[in-house]
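# Results of the structural survey
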2 protein chains.
Amino acid sequence: MTGTTQDDYTDVYARRVRGMTTSEIRALFAVASRPEVVSLAGGAPYIAALPLDAVGEMLGRLGSEHGAVSLQYSIGQGNVDLRERICEVMALSGIHGASPDDVVVTVGGQQALDLLARLFLDPGDVVLAEGPSYVGALGVFQAAQAQVHHVPMDDDGMIPAALEEAIAAIARSGRRAKFLYTIPTFQNPAGVTLSEERREQVLDICERAGLLVVEDDPYGLLSFEGDAPLPLRARRREGVFYVSTFSKTFAPGLRVGWILAPHAVREKLVMMSEANVLCPSAFAQAAVTQYLTTMPWREQVKSYREIYRERRDALLSALHDLMPAGTTWTHPTGGLFVWATLPEGLDSKAMMPRAIAARVAYVPGTGFYADGTGTGNMRLNFSFSSPERLREGVRRLAGVMEQELAMRAVFGAAGQAHHRRRGNAAADAPGPDLA
Amino acid sequence: MTGTTQDDYTDVYARRVRGMTTSEIRALFAVASRPEVVSLAGGAPYIAALPLDAVGEMLGRLGSEHGAVSLQYSIGQGNVDLRERICEVMALSGIHGASPDDVVVTVGGQQALDLLARLFLDPGDVVLAEGPSYVGALGVFQAAQAQVHHVPMDDDGMIPAALEEAIAAIARSGRRAKFLYTIPTFQNPAGVTLSEERREQVLDICERAGLLVVEDDPYGLLSFEGDAPLPLRARRREGVFYVSTFSKTFAPGLRVGWILAPHAVREKLVMMSEANVLCPSAFAQAAVTQYLTTMPWREQVKSYREIYRERRDALLSALHDLMPAGTTWTHPTGGLFVWATLPEGLDSKAMMPRAIAARVAYVPGTGFYADGTGTGNMRLNFSFSSPERLREGVRRLAGVMEQELAMRAVFGAAGQAHHRRRGNAAADAPGPDLA
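Bear in mind that the values here come from a model prediction, so they are computed numbers and not experimental data.

### Some words on the nonpolar core
Most often, soluble globular proteins have nonpolar side chains that are buried together. Ranked by size, the top nonpolar core spans 256 residues in total, and within it A:Phe120, A:Tyr181, B:Phe120 and B:Tyr181 carry the most contacts. In contact with A:Phe120, not counting residues within four places along its chain, are A:Asp125, A:Lys178, A:Phe179, A:Leu212, A:Phe241, A:Val265, B:Tyr9, B:Val12, B:Tyr13 and B:Ala14.

### Some words on the side chain of A:Thr327
Residues and elements named next belong to chain A. Secondary-structure assignment places Thr-327 in the loop between helix H11 (297-322) and strand E10 (328-329). Side-chain polar atoms of Thr-327 contact the backbone oxygen of Pro-324, separated by 2.7 Å. Beyond its immediate chain neighbours, meaning those up to four positions away, Thr-327 contacts Thr-341, Leu-342, Pro-343 and Met-401.

### As for the pairing of strand E7 (residues 212-216) of chain B
Residues and elements named next belong to chain B. Counting buried residues in E7 gives five out of five residues, a clear majority hidden from the surface. Burial along E7 is two-sided: Leu-212, Val-214 and Asp-216 and Val-213 and Glu-215, pointing in opposite directions, are all buried. Bridge count for strand E6 (residues 177-182) against E7 is four bridges, and the pairing is parallel. Of the residues in E7, the one forming a bridge with Phe-179 is Leu-212. This β-α-β element, E6 to helix H8 (residues 196-209) to E7, shows right-handed connectivity. Pairing of E7 with strand E8 (residues 240-245), which is carried by four bridges, proceeds in the parallel orientation. Along E8, the bridge assignment pairs Asp-216 with Val-243.

### Comments concerning the UniProt feature "domain: Aminotransferase class I/classII large" (unreviewed entry) in chain A
The positions that UniProt labels "domain: Aminotransferase class I/classII large" (unreviewed entry) are, in the present scheme, residues 72-397 of chain A. The distance from the first to the last C-alpha atom of residues 72-397 of chain A is 48 Å, and the span holds 41% helix and 17% strand.

### A look at the sheet that holds strand E5 (residues 157-158) of chain B
All names here are of chain B. If you trace the eight strands from one edge of the open sheet to the other, you get E2-E9-E8-E7-E6-E3-E4-E5, paired in mixed fashion. Looking at which strands have only one partner, the edges of the open sheet turn out to be strand E2 (103-106) and E5. Along the sheet face, helix H5 (residues 108-120) touches E2, E6, E7, E8 and strand E9 (257-260) and points at about 155 degrees away from the line of E8. Its contacts with the sheet place helix H7 (residues 160-172) against strand E3 (126-131), strand E4 (147-154), E5 and E6, and it is angled at close to 160 degrees to E4.

### Regarding the relation of the copies chain B and chain A
With an axial shift of 0.0 Å and an RMSD of 0.0 Å, the rotation relating chain B to chain A amounts to 180 degrees. When the rotation and shift are considered jointly, the pair of chain copies conforms to a two-fold rotation axis. Closest to the rotation axis within chain B is the C-alpha of B:Gly60, separated from it by 1.9 Å. A share of 100% of the interface residues of chain B reappears at the interface of chain A, consistent with the copies meeting face to face through the same patch.

### With respect to the pairing of strand E14 (residues 377-381) of chain A
All names here are of chain A. With five of five residues buried, E14 is to be regarded as a mostly interior element. What you see with E14 is no split at all: Asn-377, Arg-379 and Asn-381 on one side and Met-378 and Leu-380 on the other are buried throughout. Of the strand pairs in this sheet, strand E11 (residues 337-341) and E14 are connected by five bridges, and their pairing is antiparallel. Within E14, the residue paired with Val-338 across the bridge is Leu-380. Summarising the sheet, strand E13 (residues 363-364) and E14 pair through two bridges and their orientation is antiparallel. Bridge pairing in E14 links Val-363 to Arg-379.

### With respect to the environment of A:Val37
Residues and elements named next belong to chain A. Residue placement: Val-37 occurs in the loop between helix H1 (26-32) and strand E1 (38-39). Note: C-alpha distance between Val-37 and Ile-259 (222 residues apart in sequence) is 36 Å. Contact partners of Val-37, with chain neighbours within four places excluded, come to Val-31, Ala-32, Arg-359, Val-360, Ala-361 and Arg-389.

### Focus on the confidence of the model for chain A
All names here are of chain A. For chain A, mean pLDDT is 92; residues scoring 70 or higher make up 92% of the total. When the criterion is pLDDT under 50, residues 1-5 qualifies, and its contacts beyond four places in sequence or with other chains add up to nine contacts. Here residues 415-433 is a poorly scored stretch, pLDDT under 50, and it has 53 contacts once near neighbours within four places are set aside; other chains count. Confidence estimates for the predicted assembly give a pTM of 0.94 and an ipTM of 0.93.

### Brief notes about the packing of aromatic side chains
Within a pair of aromatic rings, the relevant descriptors are the distance that separates the centres and the angle that separates the planes. By the definition in use, this model includes 27 aromatic pairs over all chains. With 5.7 Å between their ring centres and 75 degrees between their planes, A:Tyr9 and B:Phe241 make a pair best called edge-to-face. Taken together, the residues A:Tyr9 in the segment before H1 and B:Phe241 in strand E8 connect one chain to another. Under the relative-accessibility criterion, A:Tyr9 is labelled buried at 2%. Accessibility expressed as a relative area gives 0% for B:Phe241, which makes it buried. Connected via pairs of aromatic rings, a cluster forms that spans A:Tyr9, A:Tyr13, B:Phe120, B:Phe141, B:Phe179, B:Tyr181 and B:Phe241. Its end group placed over the ring of A:Tyr46, A:Arg311 keeps NZ or CZ at 4.0 Å from the ring centre.

Rules behind the numbers
- Residues numbered from 1 in each chain as written.
- Chains lettered and ligands numbered in written order.
- Predicted model: local features only at pLDDT ≥ 70, side-chain atom pairs only at ≥ 80, totals over all residues.
- Heavy atoms only, no water.
- Core = buried A, V, L, I, M, F, W, Y, C linked by side-chain atoms within 4.5 Å.
- Buried < 20%, exposed > 50% of the residue type's maximum accessible area, 1.4 Å probe, protein only.
- Contact = heavy atoms within 4.5 Å.
- Helix = DSSP H or I, 4+ residues; strand = E, 2+ residues; numbered from the N terminus.
- Polar contact = N/O pair within 3.5 Å; in protein donor to acceptor, adjacent residues only side chain to side chain.
- Pairing = 2+ DSSP bridges.
- Right-handed = clockwise from strand over helix to strand, strands pointing away.
- UniProt positions renumbered as here; feature names shortened; annotations may be inferred.
- Axes fitted to C-alpha atoms, helices over the stretch in contact; angles between N-to-C directions.
- Least-squares fit on C-alpha atoms with pLDDT ≥ 70 in both.
- pLDDT = per-residue confidence, 0-100.
- Phe/Tyr/Trp six-rings, centres within 6.5 Å; stacked < 30°, edge-to-face > 60°.
- Lys NZ or Arg CZ within 6 Å of the ring centre and 35° of its normal.

Here it is in C-alpha cells:
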C-alpha cells in the first residue's frame, strides 16, 4: 500500500473488479466531444428543443417557494405525486391500471437495471439479451458477474426460435438463466422493433421457461409512424419488470427513471435502492412532477417525434446517397439509433482513430456485445445533430470507409487485422455521453 | 410465477436478498413524519436556514440560461468544475493538494460507500466499523454480503486497543478484513470525535495490518467549538478513501457527494459508478458548482454551526433537566446527533410504539449495530427541530420512559422482554429521512 507501482490495491479488489479494464477507445471519445467533430456516437436527446425559459422558471420556483421540501431528503421509493404521474405516462404507452405503489423511482433507467441485477443475479447466473444490446446494461451484468447470452435479431426484432434455442442451450449447460433483458421497441443499438406477433411469442416462451422479463422501454413514446406496439408489460402483469426513464422525453440531466415491479418485489427494490443511493433526488423528482403537471409534456413528446423523424430521414438518405457499396443499415420507425453493417472486412473499432481524425465519431459495434463480436458494425445516433450535420458526418464517415476499402484493395486484409481479439463489453463501454 | 402467494419470486432472488426483510418499525416512522410528532429520529439538515430566494434564482438561471448543458447527460466521474470546487471544500477541512482528477462525484455519500463496497468486498469479507455506526453503511455492507465487526468507542472515539484486538480476532478466524469504515468526526450516531492522538494510532494500526481506511466525513465542517481535528486523509494520502457530501452543508435534495481516492482506484470507481447510475445529475452538479462559486457558502456553514450549536445546547439541557435517573448521553462538539443510553432494563425498540403514541420519535439503537445489540440505546437528532420543539420532544420522551420504569417496577422485567432477539441491521434500517 505504500509502494509506487501503478495500482497498489490489486490484491484487495473484489472479484467483480478483475475483468474491468479501462477502454482504449475512451480517450478517443474525449476527443469526439470537441465541437469540430460530428458525433454520431452519443445517445443524447436534443435538449435545446425544450422550452428552456419556462423550464427554468419552474425550476427556480421549486427552489424559492418549495426549497424546504425540494432540497431536503426524499423517501427511498420516490414521492407518491411523481409515482402517480408516472402511471399516467405509462398509460400513454398502453400500460393501464398500474398502481403508484408498485413504482420505484430510480436514478435514471441505469439504476433501475442495476437494482434488478442486484435483486436477481448471483455470480455465474445467465442473462439473455438481444445481440447487440444496450452497452450500459452489459456493464451492469458484468458488474453482477453474470454471463450474457445473446439472442439474434432481424428486422422484426428478437427471433423467437433463437430465444427458445438459447434457453435450451443454457439448460443443457447446467447454468441458470434468471431473466431476459429486452428493449423491444426502437431497440438500442439496432433500431428495430419487436413485431406484434413476436411479442406474444416471446412472452409465451419466457412464461413456459419460468424466465422473468426485464423490459427496458426508454424510447417507446418516440414513434415516427403511428404508435409503437403495446409494451410487453401491457400484455402480462406477472413476471414482467418494466423500466423506463425521463431521459429521452424530458431531460437526462435530472436522472429520473423508474421500475414498475410486481408488488412483493417492489419492497425489496426499495431497500436495495436505499442501500445504493438512500433516496432519489427530491429536487429532480419535484422538477419532473411539475413538468408533467404544469407543462404541455404530451405536445413536447410530439415535437420530439417530429424533430427526430426529420433527422432519421436525413441520416437514412445520407447513408443511401453516400455509403460505399456493401454497407447496410436498419430503418428505425422510432427512437434514436441506426445500426450499420460495414462492407466485408472493415473493422469499426480499428477504424475509429481515422474517423476521429476525419472529425466524425460513432460507437463501434463491439461495445454492444458481451462476446467481442460486432467488429463489422457501428451505431449511429440521429437525435442530437441537425440534418445538415448528420449529412456532413456521413460524408466524412463514407470518406474514411472508402479510404479503408482502397487500402484493403491494395494491401489486403493484413492492413487492418489488429484489434480483432475478443474483449469484454465493459472494457469497451463508452462514457455516459453515449447512453 | 403465476400463483397468488405473496412473493412468487423467492426462488429467483440473488443470495444477497435472502437476509432482507421489511422492518417492523418502518411503519412507525411513516407515522413519525406527521407534524404533531416531534421527530428526534431524522438526520435532516435545517434547510429553511438557506437563502432560498437566492438559491431559487440561481436554479432558475441554470435551467433557462444553461439548460442545454445542465439538463443533458454529464460524465461518469462528474464535471471538472465541480471537482475543483470540491478540492476547495476539502482544503477548508484541512485536506490540501488533492487533485480534482482523483475526485469521483457520487449520488450523495451513500453511493460513495456503495461503490467502495462493490470495489472491495466479496461475500464473506469483513468490514471493521465503529459500534454503533451509520445505519446506511451497515445496509451497504449487508447488500455486499460482508460481515461487520464492530469496534467499541468511548468519549474519545474508537478505542485503538480494541481495533487491534478486532484485527487479531479476524485474522485468527481465517477471514479477511478489507477495510475499516470510520466516521471519526462528530460520529453518527454516537456524536463523539476521535481524538488527535488516536487518529495517528488508528492510522498506524491500519497501516501495519494492511487495512484500508474508508473515512466518512459528512459533518466535519459542522464544528461548534473551534475547528475539528484534521481528517485522517489529511494525515495519510495512501490507503485512505475520503468520502463526503453536500447533504449537510448545502442540500440533501440534490444528492451530491464525492470520493477522494488514490489515482489507480479512481478509474475503477468511475466505471463502477457508470454501471450503477451512468453519471451523476448534470443539473445537481451545476447547482452545487454555482452555489460554491457565486454564493457565500462559507458563511452559510458558519450559520449552520451557530444554529446547530444552539440546538445541541437546548437538547443537552433538556436531557439534563428532564431525563429519568440512570440515563446517560454523549456531549457532541459538532454534527447532528446525541447518543443516549437508557436506564438499565429499558428497551428502546420495544418502547417505540408508546413513544409514537406520545408524539415523539427517535431511532432505536439496534439499527446502528449489525449484531442486534443497542436495545438500551437511542439516537437523538438536534439539527432539524427548534430548541423549543427539542425540549418538548425530550419532555414527551422522558414521560414515556418514566412510565416504562414505573411499569417495570410494578410488573418486573417480563413486561418488556419482547423484541430482544438478535436481528440484522438492514432489517431495522430506518427510511432515508433518517440519514
